[in-house]
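So you can see what is in the structure, the chains are spelled out below.
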Amino acid sequence: MATEQSYIMIKPDGVQRGLVGEIIKRFEQRGYTLKGLKLINVDRALAEKHYEDLSARPFFGALVEYICSGPVCAMVWEGKNIVAAGRTMIGATNPQASAPGTIRGDYSIEVGRNIIHGSDSVESATREIGLWFPEGITSWTPVAKPWIYE
Ligand code: RTP
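Predicted model, so just to flag it, every value in this text is computed and none were measured.

(A) Representation of the sheet that holds strand β1 (residues 3-10). Here we have four strands laid out as an open sheet, ordered β2-β3-β1-β4, and antiparallel in their pairing. Edge positions in the sheet fall to β2 (33-40) and β4 (116-118), since each of these pairs with one other strand and no more. Ignoring strand direction, the axes of neighbouring strands in this sheet form an average angle of 15 degrees. Judged from the eight bridges that link them, β1 and strand β3 (residues 72-80) form a sheet pairing that is antiparallel. Residue Q5 lies in a different strand from β3, and its bridge partner there is E78. Together, β1, β2, β3 and β4 form the strand contacts of helix α2 (residues 20-30), whose direction differs from that of β3 by roughly 10 degrees. Sheet strands in contact with helix α7 (residues 122-132) are β1, β2, β3 and β4, and its direction is about 55 degrees off that of β1.

Set out below in C-alpha coordinates:
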(Lines give C-alpha, C1' and ligand atoms only; values in the text may rest on other atoms or scores of the structure.)
Protein backbone atom coordinates (compact mmCIF):
# COMPACT_ATOMS: atom_id res chain seq x y z
CA MET A 1 0.00 0.00 0.00
CA ALA A 2 1.45 3.29 -1.10
CA THR A 3 1.10 6.64 0.62
CA GLU A 4 -1.19 8.65 -1.62
CA GLN A 5 -3.08 11.92 -1.66
CA SER A 6 -6.75 12.28 -2.55
CA TYR A 7 -8.85 15.32 -3.43
CA ILE A 8 -11.92 15.27 -1.19
CA MET A 9 -14.59 17.96 -1.62
CA ILE A 10 -17.63 18.61 0.52
CA LYS A 11 -20.21 19.80 -2.00
CA PRO A 12 -22.50 22.83 -1.38
CA ASP A 13 -25.24 20.71 0.24
CA GLY A 14 -22.77 19.23 2.73
CA VAL A 15 -21.53 22.72 3.65
CA GLN A 16 -25.06 24.18 3.92
CA ARG A 17 -26.17 21.28 6.11
CA GLY A 18 -23.30 21.76 8.57
CA LEU A 19 -21.60 18.44 7.81
CA VAL A 20 -18.05 19.79 7.35
CA GLY A 21 -16.95 19.00 10.89
CA GLU A 22 -18.48 15.52 10.87
CA ILE A 23 -16.77 14.62 7.58
CA ILE A 24 -13.37 16.00 8.61
CA LYS A 25 -13.71 14.10 11.89
CA ARG A 26 -14.15 10.80 10.06
CA PHE A 27 -10.97 11.22 8.00
CA GLU A 28 -8.97 12.53 10.96
CA GLN A 29 -10.09 9.77 13.30
CA ARG A 30 -9.24 7.10 10.75
CA GLY A 31 -5.67 8.42 10.83
CA TYR A 32 -5.39 10.34 7.58
CA THR A 33 -3.50 13.62 7.39
CA LEU A 34 -5.12 16.89 6.27
CA LYS A 35 -2.74 18.57 3.81
CA GLY A 36 -4.97 21.18 2.19
CA LEU A 37 -8.21 22.91 3.21
CA LYS A 38 -10.19 25.88 1.93
CA LEU A 39 -13.78 27.04 1.51
CA ILE A 40 -14.43 28.44 -1.95
CA ASN A 41 -17.21 29.62 -4.22
CA VAL A 42 -16.74 27.70 -7.46
CA ASP A 43 -17.03 29.38 -10.86
CA ARG A 44 -18.52 27.54 -13.84
CA ALA A 45 -15.18 27.10 -15.57
CA LEU A 46 -13.67 25.27 -12.61
CA ALA A 47 -16.75 23.07 -12.09
CA GLU A 48 -16.87 22.19 -15.80
CA LYS A 49 -13.14 21.41 -15.83
CA HIS A 50 -13.41 19.22 -12.74
CA TYR A 51 -16.25 17.19 -14.24
CA GLU A 52 -15.12 17.40 -17.91
CA ASP A 53 -15.28 13.58 -18.29
CA LEU A 54 -19.04 13.82 -17.69
CA SER A 55 -19.71 16.68 -20.13
CA ALA A 56 -21.75 14.49 -22.50
CA ARG A 57 -24.00 13.16 -19.74
CA PRO A 58 -27.59 14.49 -19.53
CA PHE A 59 -27.12 15.59 -15.90
CA PHE A 60 -23.95 17.62 -16.62
CA GLY A 61 -25.69 21.02 -16.60
CA ALA A 62 -27.49 20.30 -13.34
CA LEU A 63 -24.26 18.96 -11.83
CA VAL A 64 -22.36 22.15 -12.67
CA GLU A 65 -25.23 24.28 -11.27
CA TYR A 66 -25.17 22.21 -8.08
CA ILE A 67 -21.40 22.56 -7.57
CA CYS A 68 -21.62 26.33 -8.17
CA SER A 69 -24.68 26.81 -5.92
CA GLY A 70 -22.74 27.64 -2.74
CA PRO A 71 -19.33 27.28 -1.18
CA VAL A 72 -17.54 23.93 -1.28
CA CYS A 73 -14.94 22.70 1.19
CA ALA A 74 -11.91 21.64 -0.86
CA MET A 75 -9.46 19.33 0.86
CA VAL A 76 -6.38 17.20 0.27
CA TRP A 77 -6.02 14.17 2.51
CA GLU A 78 -2.95 11.94 2.67
CA GLY A 79 -2.28 8.38 3.83
CA LYS A 80 -1.78 4.81 2.75
CA ASN A 81 -4.33 3.76 0.14
CA ILE A 82 -6.35 6.96 0.76
CA VAL A 83 -7.83 7.04 -2.76
CA ALA A 84 -9.60 3.67 -2.58
CA ALA A 85 -10.20 3.80 1.18
CA GLY A 86 -11.64 7.30 0.87
CA ARG A 87 -14.09 6.09 -1.80
CA THR A 88 -15.12 3.25 0.52
CA MET A 89 -15.70 5.72 3.36
CA ILE A 90 -17.74 7.96 1.02
CA GLY A 91 -19.94 5.16 -0.37
CA ALA A 92 -21.56 4.60 -3.76
CA THR A 93 -22.39 7.47 -6.15
CA ASN A 94 -26.10 6.87 -5.59
CA PRO A 95 -26.83 7.21 -1.85
CA GLN A 96 -29.56 4.58 -2.21
CA ALA A 97 -26.77 2.07 -2.92
CA SER A 98 -24.52 3.39 -0.12
CA ALA A 99 -24.28 1.24 2.99
CA PRO A 100 -25.09 2.73 6.40
CA GLY A 101 -21.79 3.78 7.95
CA THR A 102 -20.60 5.42 4.75
CA ILE A 103 -20.77 9.21 4.48
CA ARG A 104 -23.34 9.19 1.66
CA GLY A 105 -25.21 6.27 3.25
CA ASP A 106 -25.53 8.16 6.52
CA TYR A 107 -26.21 11.70 5.28
CA SER A 108 -27.80 11.70 1.82
CA ILE A 109 -30.71 10.37 -0.19
CA GLU A 110 -30.41 11.46 -3.84
CA VAL A 111 -27.56 11.15 -6.36
CA GLY A 112 -27.88 14.82 -7.27
CA ARG A 113 -27.34 15.84 -3.62
CA ASN A 114 -24.72 13.32 -2.49
CA ILE A 115 -22.72 15.86 -0.40
CA ILE A 116 -19.15 14.79 -1.12
CA HIS A 117 -16.64 14.01 -3.86
CA GLY A 118 -13.53 11.80 -3.64
CA SER A 119 -10.94 11.14 -6.35
CA ASP A 120 -11.50 7.82 -8.12
CA SER A 121 -7.83 7.05 -8.95
CA VAL A 122 -4.34 8.27 -8.09
CA GLU A 123 -4.15 9.86 -11.55
CA SER A 124 -7.45 11.71 -11.00
CA ALA A 125 -6.23 12.83 -7.57
CA THR A 126 -3.08 14.37 -9.06
CA ARG A 127 -5.13 16.18 -11.70
CA GLU A 128 -7.76 17.39 -9.23
CA ILE A 129 -5.26 18.58 -6.59
CA GLY A 130 -3.50 20.60 -9.29
CA LEU A 131 -6.83 22.02 -10.44
CA TRP A 132 -8.20 22.97 -7.02
CA PHE A 133 -4.94 23.88 -5.26
CA PRO A 134 -2.82 25.61 -7.94
CA GLU A 135 -1.11 27.52 -5.11
CA GLY A 136 0.13 24.22 -3.63
CA ILE A 137 -0.60 22.50 -0.33
CA THR A 138 0.95 22.39 3.11
CA SER A 139 3.98 20.19 3.74
CA TRP A 140 4.00 18.66 7.22
CA THR A 141 4.34 15.29 8.96
CA PRO A 142 2.15 14.59 12.02
CA VAL A 143 3.97 13.46 15.16
CA ALA A 144 1.36 10.70 15.60
CA LYS A 145 2.50 8.92 12.43
CA PRO A 146 4.39 6.06 14.21
CA TRP A 147 1.19 5.36 16.18
CA ILE A 148 -0.83 4.91 12.99
CA TYR A 149 1.67 3.07 10.75
CA GLU A 150 4.06 0.20 11.64
P1 RTP B 1 -17.90 12.34 -7.54
O2 RTP B 1 -17.08 12.49 -8.81
O3 RTP B 1 -18.74 13.54 -7.24
O4 RTP B 1 -17.08 11.87 -6.40
O5 RTP B 1 -18.95 11.18 -7.81
P6 RTP B 1 -18.71 9.73 -8.32
O7 RTP B 1 -17.29 9.56 -8.81
O8 RTP B 1 -19.18 8.82 -7.25
O9 RTP B 1 -19.70 9.66 -9.55
P10 RTP B 1 -19.61 10.24 -11.04
O11 RTP B 1 -20.17 9.21 -11.94
O12 RTP B 1 -18.23 10.76 -11.32
O13 RTP B 1 -20.64 11.44 -10.98
C14 RTP B 1 -20.25 12.70 -10.52
C15 RTP B 1 -21.39 13.34 -9.79
O16 RTP B 1 -22.43 13.63 -10.73
C17 RTP B 1 -23.67 13.56 -10.05
N18 RTP B 1 -24.52 12.59 -10.75
N19 RTP B 1 -25.79 12.81 -11.01
N20 RTP B 1 -28.45 12.59 -11.89
C21 RTP B 1 -27.62 11.58 -12.10
O22 RTP B 1 -27.94 10.55 -12.62
C23 RTP B 1 -26.24 11.73 -11.64
N24 RTP B 1 -25.26 10.85 -11.76
C25 RTP B 1 -24.17 11.40 -11.20
C26 RTP B 1 -23.41 13.15 -8.63
O27 RTP B 1 -23.29 14.34 -7.83
C28 RTP B 1 -22.06 12.47 -8.74
O29 RTP B 1 -21.39 12.44 -7.52
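(B) How the structure looks around the nonpolar core. One finds I23, F27, W77 and I116 to be the most contacted residues of the largest nonpolar core, which totals 18 residues. Every element with two or more residues in this core is listed here: β1, α2, β3 and α5 (82-90). Not counting residues within four places of it along the chain, the set of residues in contact with W77 comprises E4, Q5, S6, I8, I24, F27, E28, Y32, T33, L34 and I82. Core analysis: the next-biggest nonpolar cluster, separate from the first, contains 17 residues, L63, I129, W132 and F133 among them.

Cut-offs applied
- Residues numbered from 1 in each chain as written.
- Predicted model: local features only at pLDDT ≥ 70, side-chain atom pairs only at ≥ 80, totals over all residues.
- Heavy atoms only, no water.
- Pairing = 2+ DSSP bridges.
- Helix = DSSP H or I, 4+ residues; strand = E, 2+ residues; numbered from the N terminus.
- Axes fitted to C-alpha atoms, helices over the stretch in contact; angles between N-to-C directions.
- Contact = heavy atoms within 4.5 Å.
- Core = buried A, V, L, I, M, F, W, Y, C linked by side-chain atoms within 4.5 Å.
- Buried < 20%, exposed > 50% of the residue type's maximum accessible area, 1.4 Å probe, protein only.

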